[in-house]
Amino acid sequence: MKTKILVTGGCSFSECINYDVHGNNDNKTWPIYLRELLPGAEHYSEAMGSQGNGLIVRRVQYRLHELLKTHQPEDILVGIMWTGRDRFEFYFEQPIQFTTNIDGWIENPTRVADDAPGGWVILNPHWKHDHNAAWYRHYYNEVASQIYTLEHVVALQNYLKLNNIDYFMTTNYTTTFSPQTKNNKNVSWLWEQVDWTKFLPIDNEHDWVKANCPITGVNNFHPRPEQHEQFVNQIIMPWLAERNYV
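Residues numbered from 1 in each chain as written. Predicted model: local features only at pLDDT ≥ 70, side-chain atom pairs only at ≥ 80, totals over all residues. Heavy atoms only, no water.

### A look at the side chain of Q227
- Of note, Q227 is situated in helix α8 (residues 225–242).
- Given the relative accessible area of 2%, Q227 is considered buried.
- When sequence neighbours within four positions are dropped, the list of residues in contact with Q227 reads V209, C213, P214, I215 and N220. (Helix = DSSP H or I, 4+ residues; strand = E, 2+ residues; numbered from the N terminus. Buried < 20%, exposed > 50% of the residue type's maximum accessible area, 1.4 Å probe, protein only. Contact = heavy atoms within 4.5 Å.)

In structure tokens:
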């Protein structure tokens, strides 16, 4: 299959804006290396640093909904790198305006649909903005966070299968899935619906690059460009080739 459209989603491990817009070579991530190996493919990145899995699925599904108006599903390849289950968002019709960016976000509030009213306020466990602490103090718990993430995975998986779109999934770090919740009856029925054959054969990108292409003297959490490149060459491309996706 010759991929004409590549759609990718994720958090900072997958975002492309710093390279594509600002020309920062230090922020060349795996989707950029992947598209370079798909000659002629048009790339839509729906990744953004700090966004949670809810925004990942909404952004990717919205972009695919628009693309399917003018493109055939067999021309599209989707790659998703899920993020930590402890990241959330909530929607306001009248978007909240922050006067300062004390938490280092890319965009907050943010939007899903192009030119849509309102906004999604992003929440992260360690952030300090006024709307963040109340959620984690009163409403957050581990089981619920795993339920939400699995719901997002299943929803996007089923949308892709319904529309006959080829795809692969993986995770950025150990915080996407919690084995401790797997046998909880509120979680297990969702876990069983996930098509794990569509996940790359690794635990997560962070641990894979640390084990297989470490950089001497560098203790970085986010993979460096050369590590992203090896991740694409050694993991993603062979997986795609085995399934005739490329």
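### As for helix α3 (residues 53–67)
- The end-to-end C-alpha separation of α3 is 21 Å, in line with the 21 Å expected for 15 residues at 1.5 Å each.
- With 11 of 15 residues buried, α3 is to be regarded as a mostly interior element.
- N53, G54, L55, I56, V57, R59, V60, Y62, R63, L64 and L67 are the residues of α3 that are buried.
- For α3, the secondary structure elements touched by its buried residues are β1 (5–9), β2 (42–45), β3 (76–82), β4 (88–92), β5 (119–123) and α5 (142–162). (Expected span 1.5 Å × (residues − 1).)

### Remarks on the sheet that holds β3
- Taken in spatial order, the four strands make up an open sheet running β2-β1-β3-β6, and their pairing is parallel. At either margin of the open sheet sits one strand with a lone partner, and together these are β2 and β6 (166–171). When the angles between neighbouring strand axes are averaged without regard to direction, this sheet yields 15°.
- Sheet topology note: the β1/β3 ladder contains five bridges and is parallel. Pairing of L6 across the sheet is with L77, part of β3.
- Contacts from α3 reach β1, β2 and β3, with the element oriented near 170° to β3. (Pairing = 2+ DSSP bridges. Axes fitted to C-alpha atoms, helices over the stretch in contact; angles between N-to-C directions.)

### Overview of the packing of α3 against α5
- Running from N to C, α3 and α5 cross one another at 15°; their axes reach a closest spacing of 9 Å. By the angle between their directions, the pair α3 and α5 is classed as roughly parallel. As α3 runs across α5, the sense of the crossing is left-handed. Counted together, N53, G54, V57, V60, Q61, L64 and H65 of α3 and T149, H152, L156, Y159 and L160 of α5 form the full contact between these two elements.
- The residue makeup of the contact of α3 with α5, split by class, is six nonpolar, six polar and no charged. (Parallel < 35°, antiparallel > 145°, perpendicular 65-115°, else oblique. Left-handed = near helix turned anticlockwise from the far one by under 90°. Nonpolar A, V, L, I, M, F, W, Y, C, P; charged D, E, K, R; others polar.)

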